[in-house]
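# Observations on chain architecture
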Amino acid sequence: MAQKLPKVDVVTVGVGWFGGIVAAELTKAGFNVVGLDKGKEKNLKDYMHTHDEVRYPIRGEGYQKLTKESYTVRNTLNQEAYPIRDKATAVIGEGVGGGGSHWGAQTHRYYPYDFEIRSKTIEKYGENKIPENMTIQDWGITYDELEPYYDKFEKMAGISGEPDPNYPERTNPYPTPPLKKNIQMLMFEEATKKMGYKPFTIPTGTLSEVYKNPDGETINACQYCGFCGSNYCEYGAKADPVVTVIPTAQKTGKFELRTHAKVTRVLHDGTKATGVLYQDTITGEEFEQPADIVVLTSYVFNNVRLLLLSQIGKPYNPQSGTGIIGKNFTDHHGVTISYGLYDDKKFNNYVSTGAWGMAITDFTGDLFDHSNLNFVHGGQIECRITGNDPISNSITPPGTSSWGKEFKNSPFFITIVS
Amino acid sequence: MSETENKQTHNQSRRNFLKNSGLTVGGLIVGGAIGRIISMKPNSTPTTTQPVETHQMANYNEALQFFTRKEDFEALAAATEVIFPEDENGLGAIGLGAPYYIDKQLATPWGRNADDYMIRPFKNGQTPLTRGDIMLQGVRKINEVSQKTHNALFNTLSEEEQVAILQEFEGGTVEMAYVSSTSFFALLRQLTLEGCYCDPMYGGNKNMEGWKMKEWPGAQMSHADVADASDFVKKEPKSLSDHM
């Protein structure tokens, strides 16, 4: 029998970026917020030994353990779904801060087109442009409605960047200047400009200078140390819930963080959520936390699973196209990578940050004509310097064996820009 | 090559390593001297002229935590050296400590897949084996194939013979139980590279020699000084022990 706790105003399921932002904003507005996270507590003191390729990027120290439960994957409806086995390949944030503690911190905005992709595509190219089984739809909110919140997020996180020339004009500039430009970025800039494109430095939450955000939290200056995208930042130079919104919420005295607290059900009366049921993952004890507002702020599939288990909403049925829970989910974007191998140039590839580089967006959204193309939208082309951690970056020229004499000899005269 | 000869080569490469790096032995003596100075009480003066006793700190880290049979570990060591051989650039996997690194890693919770989803049923080619299981079966299989084709243990074969056997594993043509030989080889290769390039605290990448070969500066606190440098800047590597 679950122990019933005193009612609070708000409960969040997970305390990463989303839970942290909700906690900061609602506690500042005077509400009492309880943050439940199934992982462990952590703060900047835990970040001091992260310059370790084996422990962080390869073994996935900061990723959620899959010991008791995992996620299944299938490519088509006819296949059987199989569980992801290896923790390090799932790359799901763990504990307080979640994925926000080890993200690469690339922070573009979506385009106005993205929010109204269905109606704008039809408007320009006609109904037939969208195939029958393509489920794209308008978000229900527009870019203009969301712009003030993008701006607020960027100020909270101190984002360093320069405007994407393809964007509508910004209300405010980025709060901090773009990161430095290295040789690889200058090469990309020169080449893409010559081709008529509009390169710009990627906006990022690894900060170009020390910055104090409107809540009074300080984010330090990035050291380009090369241990970023899968690592925690010991300088507190990466925008991370642990150095921004969580301390902000805690300062109000209205935020209570409970770790090792795994939410198993959203409780509801059929029309409105009334609280959550959660388990102490150490003792197995069950608790009921009543709340006026329940916010699902965990990993996308955990949110969906919780809704399904709690029998909230109509599950999405991909065959009939009915239902909404689980439809059109958003997860991490895919990337296709190519490398440049030079035998006459040597770069400081060991210098890197999570999202350091330049990009062109001329081939994304509807910024180019899709009339004669059999797809909508597109992708960003970027020159990213992601570091050359030695275990994961043994890149050799095509045709070279990936081991043995030839392999060992090749990395010593070939250098890489990615 | 006989087993004894192979061992000699192994020891030879270690000796070369010590000779070439030129600092390991000296460094240890200095360490002992510093230890003695620190332990001296303030204002205390040596009253006699007795010779000072210096302690050479032996390395007790190179022993087995996971593997149990000598020939298994020898096959592993030989295979890592084929994957990452000693050459004019510097040490190979054995000299860098990769075999002991692998042994240690397999003895950790990672080697037992403690944080992974290991609940049955395993279907569609997913393996029920732990990493330790795969590596143990794999190195025994390497010796088995070696015995069958050359009537000798793997570590005694010529390099060409060793390469040919590992190519078979990589190509997936060797029959293994509950795992493909391709998957085993990928794990072996990954662990070998880890052993050559990990932080030296793990027991591999000895003296940061792997990093030096790759001109990788290791666990530096900052590269802000060279972020927009126009030329390549070589930095002497640092390990995590510098962060203590």
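Read on for a plain summary of the structure. All values derive from a computational prediction rather than experimental measurement. (Residues numbered from 1 in each chain as written. Chains lettered and ligands numbered in written order. Predicted model: local features only at pLDDT ≥ 70, side-chain atom pairs only at ≥ 80, totals over all residues. Heavy atoms only, no water.)

## Notes on the overall build of chain A
So the rule is basically this: Secondary structure elements are defined from DSSP: runs of H or I of at least 4 residues count as helices, runs of E of at least 2 residues count as strands, and each element is numbered from the N terminus. Both definitions apply: the radius of gyration is a C-alpha atom measure, and the globule rule equals 2.2 Å times residues to the power 0.38. Buried residues are those whose accessible area, probed at 1.4 Å on protein chains only, stays under 20% of the maximum for their type, while exposed residues exceed 50% and partly exposed ones sit between those limits. The contact rule is simple, with two residues in contact once any of their heavy atoms fall within 4.5 Å.
When its secondary structure is counted, chain A shows 10 helices and 16 strands. Its C-alpha radius of gyration of 23 Å places chain A within 12% of the 22 Å reference for a compact globule of 418 residues. Here chain A holds 418 residues, and 49% of them are scored as buried. Long-range contacts, defined here as pairs at least 24 residues apart, represent 68% of the contacts in chain A between residues at least 6 apart.

## A few points about the overall build of chain B
Quick reminder of the rule: For every accessible area listed, the method is Shrake-Rupley and the probe measures 1.4 Å; residues are considered covered only by the protein chains on display.
A tally of helices and strands in chain B yields 9 helices and 0 strands. Walking chain B from its N terminus toward its C terminus, one meets helices and strands in the order α-α-α-α-α-α-α-α-α. Looking at chain B as a whole, 43% of its 244 residues qualify as buried. Here the analysis covers contacts within chain B between residues at least 6 apart in sequence; of these, 59% occur between residues at least 24 apart. Counting every atom, chain B has about 13100 Å² of accessible surface; 54% of that belongs to carbon and sulfur.

## Overview of the sheet that holds strand β6 (residues 200-201) of chain A
Sheet strands line up and pair through hydrogen bonds in the backbone, either parallel or antiparallel. Residue and element names in this part refer to chain A. Rules: A pair of strands counts as paired when DSSP detects no fewer than two bridges linking them. Structural elements are reduced to axes, namely lines fitted to C-alpha atoms, with helices fitted over the stretch in contact, and the angle between N-to-C directions of any two is expressed from 0 to 180 degrees.
Ordered by their spatial adjacency, 3 strands build an open sheet running β6-β14-β15, and the pairing between neighbours is antiparallel. Where the open sheet ends on each side, the last strands, each with one partner, are β6 and β15 (381-384). Pairing analysis gives 4 bridges linking strand β14 (residues 357-360) to β15, with the strands arranged antiparallel. In the strand pairing of β15, I360 is matched with I381. Seen against the sheet, helix α7 (residues 183-194) touches β6, β14 and β15 and runs at an angle of roughly 20° to β14.

## A closer look at the interface of chain B and chain A
Filter applied, for reference: The buried area of a pairing is the accessible area, by a 1.4 Å probe, that goes missing from both parts when the two are put together, added over both. The salt bridge definition used is simple: a Lys or Arg side-chain nitrogen within 4 Å of an Asp or Glu carboxyl oxygen. Just so you know the grouping, Ala, Val, Leu, Ile, Met, Phe, Trp, Tyr, Cys and Pro go in nonpolar, Asp, Glu, Lys and Arg go in charged, and all remaining residues, Gly too, go in polar.
Each partner contributes to the interface: chain B provides 66 residues, whereas chain A provides 53 residues. Where chain B abuts chain A, roughly 5000 Å² becomes buried across the two surfaces, and 55% of that area is made up of carbon and sulfur atoms. Considering only the side of chain B, the residues that lose the most area to chain A are D115, Y117 and W216 of chain B, jointly responsible for 15% of the buried surface there. If you look at where chain B meets chain A, you find 8 salt bridges. The shortest N-O distance in the salt bridge between D87 of chain B and K408 of chain A comes to 3.1 Å. Grouping the amino acids of the side of chain B that touches chain A by side-chain chemistry returns 36 nonpolar, 14 polar and 16 charged.

## Things to note about the environment of I83 of chain B
All names here are of chain B. Turning to its location among the elements, I83 is positioned in helix α3 (residues 70-83). On the basis of relative accessible area, I83 is assigned to the buried category, the value being 0%. Note: C-alpha distance between I83 and Q162 (79 residues apart in sequence) is 9.9 Å.

## Focus: the state of the cysteines
To be explicit about the condition: The term disulfide is used for any two cysteine sulfur atoms that are within 2.5 Å.
Applying the stated criterion to the full structure yields 0 disulfides over all chains. Distance from the sulfur of C225 of chain A, which forms no disulfide, to the nearest cysteine sulfur (C233 of chain A) is 6.4 Å. Between C198 of chain B, a cysteine without a disulfide, and C196 of chain B, which holds the nearest cysteine sulfur, the sulfur-to-sulfur distance is 8.3 Å. The class for C198 of chain B is buried, based on a relative accessible area of 1%.

## A short note on a nonpolar patch on the surface
All names here are of chain A. Put simply, the test is: Like charges are joined within 9 Å and nonpolar side chains (Val, Leu, Ile, Met, Phe, Trp, Tyr) within 5 Å, but only among residues with over 30% relative accessible area and no salt bridge; these make up the patches.
On the surface, a nonpolar cluster with roughly 390 Å² of combined accessible area is contributed by V335, I337, Y339 and L341. Among the structural elements, V335 can be located in the loop between α9 (300-309) and β13 (340-342). Residue class for V335 comes out exposed when judged on its relative accessible area of 66%.

## Brief notes about the pattern of salt bridges
If you walk through the whole model with that rule in mind, you get 37 salt bridges over all chains. Salt bridges linked by common partners bring E25, K28, K152 and D215 of chain A together as one network.

## What about unusual backbone geometry?
All names here are of chain B. A cis amide bond links R120 to the next residue, P121, at an omega of 0°. In this structure, P121 sits in the loop between α5 (98-106) and α6 (131-150). Positive phi is not limited to glycine here, since M208 has a value of about 60°. With respect to the helices and strands, the residue M208 is situated in the loop between α8 (181-197) and α9 (209-214). With a phi angle near 55°, E215 is a residue other than glycine that sits in the positive phi range.

## Digging into the side chain of K214 of chain B
Quick note on the threshold: Positive charge is attributed to Lys and Arg, negative charge to Asp and Glu, and no charge count is given to His or to the chain ends. Whenever two N or O atoms come within 3.5 Å, that pair is a polar contact, provided that in protein one can donate a hydrogen and the other can accept it, and provided that, for residues adjacent in sequence, both atoms are side-chain atoms.
Residue position: K214 of chain B is located in helix α9. Despite being buried, K214 of chain B has no salt bridge partner; E53 of chain A is the closest side chain of opposite charge, sitting 7.7 Å away. Within polar-contact distance, the side chain of K214 of chain B engages the backbone oxygen of P390 of chain A at 3.0 Å.

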